[in-house]
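Listed here are the chains, written in short residue letters.
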Amino acid sequence: MMHHLKNRKKKDQDNYVKFRSFVGYKLTSFPPIPPTSKIEEINISNNNLTSFKGLIELQNLETLRCENTKISSFLGAKPLPSLKKLFIANTPLSHYAYHRVMAVIVFGDSLETVDFVNITKTERLFAINNRELLFQFLVEGWVMTITDPIKLFNVNTRQRRVL
């Protein structure tokens, strides 16, 4: 009986942790985090991640740090309704001209900054107007290379598409 209470207490503590760091853990996917977690910031920088696979929809997550990873698309990403700050500097994804717009489409309208730069009104409007069209492509590994007309590139299959 005592053991069960001890485990329960540990589980409850995990749900109230506000910050988790996985910096340099040699991870290739997001670590498991309980969906009930109240976590507000995750730092998963300096890992071997190539995508957002394993990331779950965390209701309270406000800051996501993924710098110095191999993330090349939004493959596996989930909406993060409270996300305000995203850090993806020094990733293949950050080299795409429209990575900020794609981040708003995928993670949601609460996103305010990507790598310390504010999301502009124009970027936000484009994201809102094109979310329905682009969301599924983006979470399946496509990236937007041009906005008019909208051109997509799949980083894994190398396919190209014009919408």
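About the thresholds
Residues numbered from 1 in each chain as written. Predicted model: local features only at pLDDT ≥ 70, side-chain atom pairs only at ≥ 80, totals over all residues. Heavy atoms only, no water. Helix = DSSP H or I, 4+ residues; strand = E, 2+ residues; numbered from the N terminus. Rg over C-alpha atoms; globule rule 2.2 N^0.38 Å. Buried < 20%, exposed > 50% of the residue type's maximum accessible area, 1.4 Å probe, protein only. Contact = heavy atoms within 4.5 Å. Pairing = 2+ DSSP bridges. Expected span 1.5 Å × (residues − 1). Bend = angle between axes of the 7 residues up to and from the residue. Axes fitted to C-alpha atoms, helices over the stretch in contact; angles between N-to-C directions. Lys, Arg positive; Asp, Glu negative; His and termini not counted. Salt bridge = Lys/Arg side-chain N within 4 Å of Asp/Glu carboxyl O. Polar contact = N/O pair within 3.5 Å; in protein donor to acceptor, adjacent residues only side chain to side chain.

Engineer: For the overall build of the chain, give the residues involved together with the corresponding values.
Structural biologist: For the chain, the count of helices and strands is three helices and nine strands. For the chain, the sequential pattern of α-helices and β-strands runs α-β-β-β-β-α-β-β-α-β-β-β. On C-alpha atoms alone, the chain measures out to a radius of gyration of 17 Å, which is about the 15 Å that the 2.2 N^0.38 rule sets for 163 residues. With respect to the three principal axes, the spread of C-alpha positions in the chain is 65 × 30 × 25 Å. Looking at the 163 residues of the chain, the share that counts as buried comes to 44%. Taking as baseline every contact in the chain between residues at least 6 positions apart, the subset at least 24 positions apart corresponds to 32%.

Engineer: Describe the pairing of strand 7 (residues 142–147), and please don't skip the residues or the numbers.
Structural biologist: Pairing geometry for strand 7 and strand 8 (residues 150–154), over five bridges, is antiparallel. Paired with Trp142 across the two strands is Asn154, which belongs to strand 8. The turn joining strand 7 and strand 8, which pair antiparallel and follow one another in sequence, is formed by two residues.

Engineer: Please provide a residue-by-residue account of helix 3 (residues 121–139), values included.
Structural biologist: Over its 19 residues, helix 3 extends only 23 Å from the first C-alpha to the last, a length that falls short of the 27 Å expected when each residue adds 1.5 Å. Considering bend angle alone, the principal kink of helix 3 is centred on Arg131 and spans about 80 degrees. Taken together, the buried positions of helix 3 are occupied by Glu123, Phe126, Ala127, Asn130, Leu134, Phe137, Leu138 and Val139. Looking at the buried residues of helix 3, the elements they touch are helix 2 (99–107), strand 6 (117–118), strand 7, strand 8 and strand 9 (160–162). Trailing helix 3 by a residue or two, Gly141 shows a phi angle of about 105 degrees, which is positive.

Engineer: Describe in detail the sheet that holds strand 7, supporting the description with residues and values.
Structural biologist: As summarised here, the arrangement of the three strands in space is 7-8-9, forming an open sheet in which the pairing is antiparallel. Looking at which strands have only one partner, the edges of the open sheet turn out to be strand 7 and strand 9. Taken pair by pair, the neighbouring strands of this sheet meet at an average axis angle of 25 degrees, ignoring direction. Judged from the three bridges that link them, strand 8 and strand 9 form a sheet pairing that is antiparallel. Across the sheet, Leu152 pairs through a bridge with Arg161, a residue of strand 9.

Engineer: Account for the side chain of Asp115, with residues named and values stated.
Structural biologist: Counting through the fold element by element, Asp115 comes out in the loop between strand 5 (113–114) and strand 6. In this structure, Asp115 is buried with no salt-bridge partner, the nearest side chain bearing the opposite charge being Arg65 at 7.0 Å. Engagement of the side chain of Asp115 in a polar contact is seen with the backbone nitrogen of Ile88, the distance being 2.8 Å. Here Asp115 is in contact with Leu86, Phe87, Ile88 and Ala89, once residues within four sequence places are set aside.

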